[in-house]
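What follows is the residue order along each chain.
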Amino acid sequence: MTARIATIKRDTTETQIELTLNLDGTGNRDLNIPVPFLRHMLDLFAKHGGFDLNIHANGDIDIDDHHTVEDIGICLGQAFKQAIGDKAGIKRYGNRFTPMDEALAQVTLDISGRAFLVFNAEFPREYVGTFNTDLVEEFFRAFVGNAGVTLHVNLQYGTNSHHMIEGIFKAFGGALSEAVFQDPNVRGVLSTKGVL
């Protein structure tokens, strides 16, 4: 089996990022990200997805976290698209419900080659610590736009913004892990068109 690993480097006037993603890892993480809440969420994503994820990032957080969060989403999407390759043998679809105390999140996705985001989540607080909750949607929009994934995020309910976002990232890891699983019963790609 070909290793499904990719490294992406992004160097702009706003951010400097090096990211390595191994879809067939064991959940090892090495995350040097200057946005602590995003670091926490990506730690959860990789652990619950069983992915090895290394990120070393610097960004203009003296302005705000937006560029750094968005660019890490871009890099993760690009790494995913490169690592998944021709998509032969994968289950393609993933769905995960994840409870986090009073909150329940659902993430459903299709590794379709078509970038589309449905984001049904509203958070009661504008900030979790210093992290602007608007950036959750921005992160996922950057990911899908570069990964070629159709992603539906449906936050069923919750009252604590931290718990709600944590449930989403855990569900994201679980759903993506399910979708990239190489199923011996799938011959070629799971599409009547013969290509994804």
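Residues numbered from 1 in each chain as written. Predicted model: local features only at pLDDT ≥ 70, side-chain atom pairs only at ≥ 80, totals over all residues. Heavy atoms only, no water.

Caption draft 1: Broad picture of the overall build of the protein chain. Assigned secondary structure in the protein chain consists of 4 helices and 10 strands. Counting helices and strands in the order they occur from the N terminus, the protein chain gives β-β-β-α-β-α-β-β-β-β-β-α-β-α. A principal-axis box enclosing the C-alpha atoms of the protein chain has dimensions of 50 × 40 × 30 Å. In the protein chain, which comprises 196 residues, the proportion classed as buried is 52%. Long-range contacts, defined here as pairs at least 24 residues apart, represent 76% of the contacts in the protein chain between residues at least 6 apart. As presented, the protein chain carries roughly 9,000 Å² of accessible surface, and 47% of it is formed by carbon and sulfur atoms. (Helix = DSSP H or I, 4+ residues; strand = E, 2+ residues; numbered from the N terminus. Buried < 20%, exposed > 50% of the residue type's maximum accessible area, 1.4 Å probe, protein only. Contact = heavy atoms within 4.5 Å. Areas by Shrake-Rupley, 256 points an atom, 1.4 Å probe, with all protein chains shown as cover.)

Caption draft 2: Summary view of the packing of helix α2 (residues 66–84) against helix α3 (residues 134–147). Taken N-terminus to C-terminus, the directions of α2 and α3 make an angle of 30°; their axes are 7 Å apart at the nearest point. When the axes of α2 and α3 are compared, the pair comes out roughly parallel. Crossing handedness for the pair α2 and α3: right-handed. Seen from α2, the contacting residues are H66, V69, E70, I72, G73, I74, L76, G77, Q78, F80 and K81; seen from α3, they are L135, E138, F139, A142, F143, N146 and A147. Looking at the contact of α2 with α3 residue by residue, the class counts come to 10 nonpolar, 5 polar and 3 charged. (Axes fitted to C-alpha atoms, helices over the stretch in contact; angles between N-to-C directions. Parallel < 35°, antiparallel > 145°, perpendicular 65-115°, else oblique. Left-handed = near helix turned anticlockwise from the far one by under 90°. Nonpolar A, V, L, I, M, F, W, Y, C, P; charged D, E, K, R; others polar.)

Caption draft 3: Here's a closer look at the sheet that holds strand β3 (residues 29–32). Pairing within the open sheet is mixed, and its 4 strands lie in the order β1-β2-β4-β3. Bordering the open sheet on either side are β1 (5–11) and β3, each of which pairs with just one other strand. Ignoring strand direction, the axes of neighbouring strands in this sheet form an average angle of 5°. Across the face of the sheet, helix α1 (residues 36–49) comes into contact with β3 and β4 (52–59) while running at roughly 165° to β3. α2 rests against β1, β2 (15–22) and β4 of the sheet, and its axis sits at about 35° to β2. (Pairing = 2+ DSSP bridges.)

Caption draft 4: Spatial organisation of the pairing of β2. In terms of strand pairing, β1 meets β2 through 7 bridges, oriented antiparallel. What sits directly across from I8, in β2, is L19. Hairpin geometry of β1 and β2 is characterised by an intervening segment of 3 residues between the two adjacent antiparallel strands. Looking at chain direction, β2 and β4 are connected through 8 bridges and run antiparallel.

Caption draft 5: Structural detail: α1. Taking 1.5 Å per residue, 14 residues should reach 20 Å; α1 reaches 20 Å between its end C-alpha atoms and fits that length. Burial in α1 covers these residues: F37, L38, M41, L42, L44, F45, A46 and G49. Remark: G50 follows α1 within two positions and exhibits a positive phi of approximately 75°. (Expected span 1.5 Å × (residues − 1).)

Caption draft 6: Molecular detail of the side chain of D65. Locating D65 in the fold gives a position in the loop between β4 and α2. The side chain of D65 is buried and forms no salt bridge, while R39, the nearest opposite charge, is found at 10 Å. Excluding its chain neighbours within four sequence positions, the residues that come into contact with D65 are V35, T130, F131 and L135. (Lys, Arg positive; Asp, Glu negative; His and termini not counted. Salt bridge = Lys/Arg side-chain N within 4 Å of Asp/Glu carboxyl O.)

Caption draft 7: Geometry of the sheet that holds strand β6 (residues 103–110). One open sheet accounts for 4 strands, arranged β5-β6-β10-β7; its pairing is mixed. Strands with a single pairing partner mark the edges of an open sheet, and in this sheet they are β5 (93–100) and β7 (116–120). On average, each strand axis in the sheet is tilted by 10° relative to the strand beside it, whichever way the strands run. When β6 meets strand β10 (residues 150–157), the two strands line up antiparallel, connected through 7 bridges. Among the inter-strand pairings, A105 is bridged to a residue of β10, identified as L155. Packing of α3 onto the sheet brings it into contact with β7 and β10, and relative to β7 it is tilted by some 160°. Across the face of the sheet, helix α4 (residues 161–180) comes into contact with β5, β6 and β10 while running at roughly 150° to β5.

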